[in-house]
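Descriptive analysis of the structure
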Amino acid sequence: MRKLLMNPLLCSALLFGLVACHRAPDESLVRQGIETAQHAAETVDASALGDVLADDFTGNNGEMDRRQLLGMLRAAAFRGETIHALTGPLTVEPRSDRYVARFTVTLTSGGKLLPAQIGVYEVETAWRKDGREWRCYSATWKSA
């Protein structure tokens, strides 16, 4: 009887151990980061966007840094603006220990802060692992 009880217990322990050790593939985590950024933009949540950006983030080759991007989102939130972002096809490619993601995004706004930025953009983002999290450290965008 004792052997019968030990086997199911052992099997359960192994099963729980495997489930606890499972982690999503890095490419999936980068895709989740992009979804988080899109949701943060749509909910005008600078804090949530900041969670996926590296401290040394740079946009469009130095035109905009992390502080400026988050400040723009905070200003939009303060003004009660709404932003709608529709992400198009997404490709994620490994580059050594980093990832590059390309996609299109269509931006629309319900306010007055971002009227010049409304439109369709081609976006390329670069991601690296920061501890256990994947962070975007670079993004470039151009009007499509």
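Owing to the predicted nature of the structure, the values given are computational and were not obtained by experimental measurement. (Residues numbered from 1 in each chain as written. Predicted model: local features only at pLDDT ≥ 70, side-chain atom pairs only at ≥ 80, totals over all residues. Heavy atoms only, no water.)

A word on helix 2 (residues 26–42)
What counts here: In this text, helices come from DSSP runs of H or I with a minimum length of four residues, and strands from runs of E with a minimum of two, each type numbered from the N-terminal end. In this analysis, the expected span of each helix is defined as 1.5 Å times one less than the number of residues it contains. Relative accessibility under 20% of the residue-type maximum defines a buried residue, over 50% an exposed one, and the middle range a partly exposed one, all with a 1.4 Å probe and only protein chains included. What the arc measures is the spread of directions leading from the helix axis to the C-beta atoms.
For helix 2, with 17 residues, the first-to-last C-alpha span of 24 Å sits near the 24 Å given by 1.5 Å per residue. Those residues of helix 2 that sit buried are Val-30, Gly-33, Ile-34, Ala-40 and Ala-41. Along helix 2, the residues classed as buried sweep out an arc of 125 degrees about the axis, all on the same side. Turned more than 90 degrees away from the buried face of helix 2 sit Glu-35 and His-39, all of them exposed. Val-44 sits one or two positions beyond helix 2 and adopts a positive phi of about 50 degrees.

A look at the environment of Asp-56
Rule in force here: Contact between two residues is taken to exist if any of their heavy atoms lie within 4.5 Å; hydrogens are not considered. Polar contact is defined as a pair of N or O atoms within 3.5 Å, subject to the rule that within protein one atom must be able to donate a hydrogen and the other to accept it, and that residues adjacent in sequence are counted only when both atoms are side-chain atoms.
Note that Asp-56 resides in strand 1 (residues 53–59). Distance in space between the C-alpha atoms of Asp-56 and Arg-67 is 9.5 Å, their sequence separation being eleven residues. If we ignore the near neighbours within four places in the chain, the residues touching Asp-56 are Arg-128 and Tyr-137. Side-chain polar atoms of Asp-56 contact the side chain of Arg-128, separated by 2.5 Å.

Here's the deal with the packing of aromatic side chains
What counts, and what does not: Centre distance within 6.5 Å is the pairing criterion for rings of Phe, Tyr and Trp, where only the six-membered ring of Trp is used; planes under 30 degrees apart are then read as stacked, over 60 as edge-to-face, and the remainder as tilted. Remark: a charge is flagged as sitting over a ring if the NZ atom of Lys or the CZ atom of Arg is within 6 Å of the ring centre and within 35 degrees of the ring normal.
For the structure shown, the criterion picks out one aromatic pair. Pairing Tyr-99 with Trp-134 gives two aromatic rings, centres 5.2 Å apart and planes at 80 degrees, and the pair type is edge-to-face. Note that Tyr-99 is positioned in strand 4 (residues 98–109) and Trp-134 in strand 6 (residues 133–143), a separation of 35 residues in sequence. Taken as a pair, Tyr-99 and Trp-134 share a single burial class, namely buried. A cation over an aromatic ring shows up here: Arg-98 above the ring of Tyr-137, its NZ or CZ 5.0 Å from the ring centre.

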